Amino acid sequence: MQPESKLTGGAYHSHIGHNGDGVAAIRREMQYLNTIGKRFVAAVDRFQVHRALLAALQELYSFAACSILLRGDPVELSIIPRHPLSEAFLAAIIKKIVRAADVMDFPQVTAEELALTAYLDAPDEFAHLHSTGQLADIEVGDSINIPLTVENRIIGILSLFDEHPGTFDAEQLHMTTMIADYAAVALENVRLRENETALWRQAENERRRLELIIGSMAEGLFITDAEGAITQLNASAQQLFAQAQVELKQGIPLRKLALSKDAGWLHDLASIVEQALVGKVMMHEELIAGVSGEAVPLTLSVSVAPLHDASISLTRPIGAVAVLNDVTSSKQIEKLKDEFVSVVSHELRTPLTAIKGYTQHLLRRIERRLREARRTQPLDGSPAIEPPESYDLRSLNIVQSQAGHLERLVNDLLDQSRVQWGQLRLDYSTFYLADVLSERVYLAQTSADQHTISLDVQVPDSKIVADRLRIGQVVGNILDNAVKYSPQGGQVKVQLQEFEGDYLVSVIDQGIGVNPEYLDHIFERFYRVRNITNRQYSGIGLGLYVTKAIIESHGGRIWYTSNQGIGSTFHFTLPLAPKHP
Ligand code: ADP
């Protein structure tokens, strides 16, 4: 195919021409720039930019091909031919592009690399001609390179090639540079748009992936807005709310929803969410969401965290995100376990009562016999013979003390199951707290000969309305521990004071103390400090759990302080007047 003549080929030449009317020529030039400018502005992808470029350039010259080398990692090369090109011509223009890149300080690139990655943006009809091998190996006769600049940044190189020498005369250079500027802006816009689209697509894919993950989570998940209204929830959460017979309505805060329903647990859930909305993280809160009357009602465990806007994390949360778990089956297992422990403890009590009763009976008989034996001892001054009953007496005392220990264990087991299921009943009466303390101090002292247990009552009148037996149990538990966990003996001091309108009882020992790392747990069910120092002490970790429950159901508080590393102090308060008699 023969190239068009540069003088006859372009519309620009025919529009602008060489006639003398300068104003008209400028107007036509403006019109021309306006037309090609519009084409570049309308281009939405790089191929449309190529088409616009080709259309603009062929108005100026008749040429074989142009190319665009764009900065990037890696650089991108597009070759736009005006007619089919031979392999040799293509190889020659790539060599020229590499040289131009070198001159314009482009990142180093080899002709081989470019040849491999170059994109030939040729109309489809060229492919046919190419394959039939009709092309002659023609040399590059003329070429020019113009930098593509946007805001003083060189984003690429526009190069024009022709087989004939002298195609690109200096006269058109000004206009070619203007076209290159248009093309540069258009290419930059396309690049920005492509980046934006890629980012959007990536974000959209991420969003879909997240939606899929959340949707297929076994845990229920819901998100609320800053008012505590559920805005989004997954299928598992929907199912859990349906199970709890709650119909959710979009945009209604949980608190409002709770008011309209007869479901106490929704109020609890609303309170937990409200905590998260002021910035607190709430972990594993249990909610009884089941219908009353069931053996083990539907029980949910909920963890809620505040949701912060990533950009303004210091301000108030914009909502909350909650994870719901159905823990009913583990509650059922727990209940079965508790029932088992409770039944076994009950069953143990009957033989224990018999053992205690008969031991008591035997003890009395032996004591009587011993008294008689002593009375009948010969008075002739010969040494007293120890009667065989004294040995029986010691043995029986051990049986009695061990039976008492077993009874306390069984009672603790029964009590923990009562506490667990909210069945701890208090039997209120009026008595003097100091009396109970003194009885318990006396009892503890009888079985602790290495310790000195003292009582310091600092209130003139310690009248109280409470459950006498239970308060005795509390003091007994703390005193037993004070003795048990101070194996070297020492002082144990019990103090009774008045403190901020409550009675304050403190039990101070000089024993092994509690390492601060375990402090948060010592009042938990079945919790025992498991370190070398504690291993030698027997126990099942229920005493403090039951003690705390008894104190709290009286409206009091219990806590621990360490005695500067030597021993422990347990404090508890009891209201002067009962809160819920
Ligand atoms: P138990 O004594 O059966 O282990 P408790 O519930 O009474 O269970 O006590 C829980 C844990 O608290 C104990 O295992 C022990 O480590 C610690 N503890 C309780 N009282 C004292 C004390 N006076 N001094 C040191 N440690 C104590």
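Preceding this paragraph is the structure being described.
Described below are features of the structure shown in this document. (Residues numbered from 1 in each chain as written. Predicted model: local features only at pLDDT ≥ 70, side-chain atom pairs only at ≥ 80, totals over all residues. Heavy atoms only, no water.)

1. Some words on the overall build of the chain
Under the convention used in this document: Each helix is a run of DSSP H or I of at least 4 residues and each strand a run of E of at least 2, with the numbering of both proceeding from the N terminus. We compute the radius of gyration over the C-alpha atoms and compare it with the globule rule, which gives 2.2 Å times the number of residues raised to the power 0.38. Partly exposed describes any residue whose relative accessible area lies between the buried limit of under 20% and the exposed limit of over 50%, with all areas from a 1.4 Å probe on protein chains only and scaled to the type maximum. We call two residues contacting when some pair of their heavy atoms lies within 4.5 Å. Note on areas: Shrake-Rupley with a 1.4 Å probe; residue coverage comes only from the protein chains shown. Neither His nor the chain ends contribute to the count of charged residues, in which Lys and Arg are positive and Asp and Glu negative. For charged residues, the charge sits on one atom: NZ in Lys, CZ in Arg, CG in Asp, CD in Glu.
Helix and strand counts for the chain come out as 16 helices and 17 strands. Relative to the globule expectation of 25 Å for 581 residues, the C-alpha radius of gyration of the chain, 47 Å, shows a markedly less compact shape. In the chain, which comprises 581 residues, the proportion classed as buried is 41%. Within the chain, contacts between residues separated by at least 24 positions form 64% of all contacts whose residues are at least 6 apart in sequence. On the chain, roughly 33,100 Å² of surface is accessible, and the fraction owed to carbon and sulfur atoms is 55%. Of the side-chain charges in the chain, 54 are positive and 71 negative, and the distance between the mean point of each set is 10 Å.

2. Comments concerning the nonpolar core
Stated precisely, the cut-off is as follows: Nine residue types can take part in a nonpolar core, namely buried Ala, Val, Leu, Ile, Met, Phe, Trp, Tyr and Cys, and a core is a set of them joined through side-chain atoms within 4.5 Å.
Ranked by size, the top nonpolar core spans 44 residues in total, and within it Leu433, Ile453, Ile471, Leu479, Leu496, Ile522 and Phe572 carry the most contacts. Counting only elements with at least two residues in this core, the list comes to α14 (433–446), β13 (463–467), α15 (468–484), β14 (490–499), β15 (502–508), α16 (543–553), β16 (558–562) and β17 (568–575). If one sorts the elements of this core by residue count, α15 sits on top with 7 residues. Apart from the residues within four sequence positions on either side, Phe572 is in contact with Val474, Val475, Ile478, Tyr503, Leu504, Val505, Ile551, Arg557 and Ile558. Residues Leu57, Leu70, Ala180 and Ala183 belong to the second largest nonpolar core, which totals 34 residues.

3. So, the sheet that holds β17
Here is the rule we go by: At least two DSSP bridges between two strands are required for those strands to pair. Only C-alpha atoms enter the line fits that serve as axes; for helices the fit covers just the stretch in contact. Angles between N-to-C directions range over 0 to 180 degrees.
Pairing is mixed in the open sheet, where 5 strands are placed in the order β12-β14-β15-β17-β16. If you trace the sheet from one side to the other, it starts and ends with β12 (451–457) and β16, each paired once. Strand-to-strand twist in this sheet, taken as the mean axis angle between neighbours without regard to direction, amounts to 15°. Two strands pair when backbone bridges link them, and β12 and β14 are joined in this way by 7 bridges, in the parallel orientation. Its bridge partner lying in β14, His451 is registered against Gly490. Against the sheet, α15 engages β12, β14, β15, β16 and β17, with an angle of about 170° to β17. Against the sheet, α16 touches β16 and β17, its axis set at about 25° to β17.

4. Side note on the packing of helix α12 (residues 328–375) against helix α13 (residues 388–420)
Using the following cut-off: Orientation is classified from the angle alone, with under 35 degrees giving roughly parallel, over 145 giving roughly antiparallel, 65 to 115 giving roughly perpendicular, and any other angle giving oblique. Crossing handedness is defined as follows: a turn of the near helix away from the far one that is anticlockwise and smaller than a right angle gives a left-handed crossing, while the clockwise case is right-handed.
Running from N to C, α12 and α13 cross one another at 155°; their axes reach a closest spacing of 8 Å. Between α12 and α13, the angle is such that the two are roughly antiparallel. Along this stretch, α12 crosses α13, giving a crossing that reads as left-handed.

5. Topic: the environment of Ala237
Following the sequence through the fold, Ala237 ends up in helix α9 (residues 235–243). Judged by relative accessible area, Ala237 falls into the buried class, the value being 0%. Every residue in contact with Ala237, bar those within four places of it in the chain, is listed here: Gly220 and Leu221.

6. Considering the pattern of salt bridges
Note on pairing: side chains with opposite charge can pair once their charged atoms come close. Operational definition: Any Lys or Arg side-chain nitrogen found within 4 Å of a carboxyl oxygen on Asp or Glu counts as a salt bridge.
The full count for this structure, using the stated rule, is 20 salt bridges. The partner of Arg191 in a salt bridge is Glu188, and the shortest N-O contact between them spans 3.0 Å. You can see Arg191 and its partner Glu188 sitting in helix α8 (residues 173–215), 3 residues apart, about one turn around the helix. On the basis of relative accessibility, which here comes to 8%, the residue Glu188 falls in the buried class.

7. As for the environment of Ala52
When you line up the elements, Ala52 lands in helix α4 (residues 46–57). What makes Ala52 buried here is its relative accessible area of 3%. Sequence-wise, Ala52 and Ala186 are 134 residues apart; in three dimensions their C-alpha atoms are separated by 9.8 Å. Contacts of Ala52, omitting those with residues within four sequence positions, involve Arg39 and Phe40.

8. Focus: the sheet that holds strand β5 (residues 153–162)
The 5 strands lie next to each other as β3-β2-β1-β5-β4, forming an open sheet whose pairing is mixed. The open sheet is flanked by β3 (119–120) and β4 (142–150), the only strands paired with a single partner. Relative to β5, strand β1 (residues 65–70) runs antiparallel, the two sharing 6 bridges. Considered in β5, the bridge of Leu70 is made with Gly156. Those strands touched by helix α5 (residues 87–103) are β1, β2 (76–81), β3, β4 and β5, and its axis lies near 145° from that of β5. Seen against the sheet, α8 touches β1, β4 and β5 and runs at an angle of roughly 45° to β4.

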